[in-house]
Amino acid sequence: MKINPLQFQQTVRVLEKMLRFESPADAVLSGWFREHRELGASDRHVIAEASFTILRRLETLRAWCAPKKPNARHLLLVAMAKLWGTNIKEFGEAVNEDEKTWLAAVKGKAQPDSLEARAELPAWIIERLADQSEEAVIALGRALMQPAPLDLRVNTLKARRAQVLDLLRDEGFEAEATPYSPLGVRLAGKPSINRHELFLRGEIEVQDEGSQLLGLITGARRGEMVVDFCAGAGGKTLLLGAQMNSTGRLYAFDVSEKRLANLKPRLARSGLSNVHPTLIAHENDVKVKRLAGKAQRVLVDAPCSGLGTLRRNPDLKYRQSPESIAELNVKQASILASAARLVAPGGRLVYATCSLLPQENMGIVEAFLAAHPDFELTPVDSVLAEQKIPLAVGDVLQLNPAVHQTDGFFAAVLTRKQ
Ligand SMILES: C[S@@+](CC[C@H](N)C(=O)[O-])C[C@H]1O[C@@H](n2cnc3c(N)ncnc32)[C@H](O)[C@@H]1O
């Protein structure tokens, strides 16, 4: 990557903000671009690429800089020298003689051989993946460094996947059917799609294939009462509503007014009329209690570390910590226990996260099952087969970006005994 002096200076300033890890890196970047409207499209592209690459490769970059504790400027200089092949001479007057000597020494260093650097994951995350081999952790970490593709979901209320694929290909998009989700389309090259007529007409939505699978294994059917307990802006709600063919009742609960507000325009495009967005104060809200024992399907897409989405949010590995995971665990257990009360006898409860950590996944499910003998684990393979999804994963779904090319989602299907 080539970077000019203006882009260099701007990247350092953006990175300084990102490296405080106080707010999401993509929010820092969009805020910066809003404040600096003078930056052109190519400047923005370079600043975004450079800063996100540095976040993705931070373990390696820091190891190369050691024993120096690098600041944003050092990290960018080393990324230029080591990752993008800039010669020391090319830095010209941007660096002083001491920095040139230091950079020349760094340039001669080999690839760091710590597991943290090879997997580009901090030590505390690696410790929590101890059930996986070193090779698996490295493969996972490397897959998480790749930018995610753009996946779409076809809204079956309005369109068929074959038609959408034909139309997109006719327009020159490189579009493929996703391998597992029967509703998914994968586009190469991350084109901007949100002004496309298919999007504006509500025939497609942007949704990672893994997220589609979580919705599909909920198994919502026509005429049922279904609750999406942590609906957010409705990524999965919209899929559930389409699976129900806009019949029955689909409650979209969330504690965030802002997120539910973001669901509204998506709902309007989707053509669904069976969705009831419902703001709740907390998981034990009286609105939740009123539906006790009434829902055939309840999806708990729990608040989680998001570590399965590092392809999109590489800063999360530094914004989360063992302490934040422990706090999330308390919340996850409490939400799952409360949501379980809604499930009708024989009904289905799906617990899902976009985390890779057993502590947020199987750990929560095992504790739930131990405390709720009226629920049992239904092997997800049988549910995937029922949905005609060509994937065999065992008892629970753990999607791995290195294996499935999706974000790292987890899901367990729990059935309330009759
Ligand atoms: C992983 S996100 C949901 C994403 C959404 N299902 C989708 O597919 O787009 C988790 C959501 O849980 C919500 N949440 C947090 N605490 C909650 C609670 N106590 N009860 C219900 N929802 C909660 C958050 O506001 C957030 O929107």
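The model shown is predicted, which means the values in this text are computed figures rather than measured ones.

Here's the deal with helix α4 (residues 58-65)
In step 1: Buried within α4 are the following residues: Leu 58, Glu 59, Thr 60, Leu 61 and Trp 64.
In step 2: Structurally, α4 contributes buried residues whose contacts are with α3 (41-56), α5 (72-83), α6 (97-107) and α7 (115-119).

Thoughts on the domain arrangement of the protein
Interface size is commonly expressed as the accessible area that is lost once the parts come together.
In step 1: According to the domain assignment, the protein contains domain 1 (5-112) and domain 2 (213-416).
In step 2: Centre-to-centre separation of domain 1 and domain 2, based on C-alpha positions: 38 Å.
In step 3: Counting residues at the interface gives 8 residues for domain 1, matched by 5 residues for domain 2.
In step 4: Residue assignment for the side of domain 1 that touches domain 2 shows that the elements contributing at least two residues are α2 (25-35) and α3.
In step 5: For the side of domain 1 that touches domain 2, the element with the highest residue contribution is α3, accounting for 3 residues.
In step 6: In terms of residue class, the side of domain 1 that touches domain 2 is built from 6 nonpolar, no polar and 2 charged.

Details of the environment of Glu 386
In step 1: With respect to the element layout, Glu 386 can be found in helix α19 (residues 380-386).
In step 2: Under the C-beta neighbour-count criterion, Glu 386 is labelled exposed, with 12 such atoms within 10 Å.
In step 3: Along the chain, Glu 386 and Leu 19 lie 367 residues apart, while their C-alpha atoms are 46 Å from each other.

Quick notes on the packing of α5 against α6
In step 1: Two elements in contact, α5 and α6, have axes whose closest approach is 10 Å; the angle formed by their N-to-C orientations is 45°. Accordingly, the angle class assigned to the pair α5 and α6 is oblique. Regarding α5 and α6, the two cross each other, and that crossing is right-handed. Here Leu 77, Val 78, Ala 81 and Lys 82 of α5 come into contact with α6, specifically with Glu 99, Leu 103, Val 106 and Lys 107.

Quick notes on the site of the ligand
In step 1: As a matter of local geometry, the ligand sits amid 20 residues, with Cys 230, Gly 232, Gly 235, Ser 256 and Asp 301 nearest to it.
In step 2: Contributions of two or more residues to the shell around the ligand are made by α13 (235-243) and β6 (249-254).
In step 3: When its residues are assigned to classes, the shell around the ligand shows 9 nonpolar, 6 polar and 5 charged.

What to know about the sheet that holds strand β3 (residues 184-187)
In step 1: Taken in spatial order, the 4 strands line up as β2-β3-β1-β4 in an open sheet, and their pairing is antiparallel. Looking at strand neighbours, the two that pair on one side only are β2 (175-177) and β4 (204-206), the edges of this open sheet. Ignoring strand direction, the axes of neighbouring strands in this sheet form an average angle of 30°.
In step 2: As defined by bridge partners, β2 adjoins β3 across 3 bridges and the pair is classed as antiparallel. Of the residues in β3, the one forming a bridge with Glu 176 is Arg 186.

Here's the deal with the UniProt feature "binding site: S-adenosyl-L-methionine" (unreviewed entry) in the protein
In step 1: The positions UniProt marks with the feature "binding site: S-adenosyl-L-methionine" (unreviewed entry) are Asp 254 and Asp 301. In summary, the annotated positions, though distributed over 48 residues, converge in three dimensions, the widest C-alpha pair being only 10.5 Å.
In step 2: By secondary structure assignment, the location of Asp 254 is in strand β6.
In step 3: Relative to the assigned elements, Asp 301 resides in strand β8 (residues 295-301).

Details of the confidence of the model for the protein
In step 1: Summing up the model confidence of the protein, the mean pLDDT is 97 and the portion of residues at 70 or higher is 100%.
In step 2: Across the assembled chains, the prediction reports ipTM 0.99 with pTM 0.96.

Conventions used here
- Residues numbered from 1 in each chain as written.
- Predicted model: local features only at pLDDT ≥ 70, side-chain atom pairs only at ≥ 80, totals over all residues.
- Buried ≥ 20, exposed ≤ 12 C-beta atoms within 10 Å, placed from the backbone.
- Helix = DSSP H or I, 4+ residues; strand = E, 2+ residues; numbered from the N terminus.
- Contact = placed C-beta atoms within 7 Å.
- Domains from an automatic or database assignment.
- Nonpolar A, V, L, I, M, F, W, Y, C, P; charged D, E, K, R; others polar.
- Axes fitted to C-alpha atoms, helices over the stretch in contact; angles between N-to-C directions.
- Parallel < 35°, antiparallel > 145°, perpendicular 65-115°, else oblique.
- Left-handed = near helix turned anticlockwise from the far one by under 90°.
- Near = placed C-beta within 6 Å.
- Pairing = 2+ DSSP bridges.
- UniProt positions renumbered as here; feature names shortened; annotations may be inferred.
- pLDDT = per-residue confidence, 0-100.

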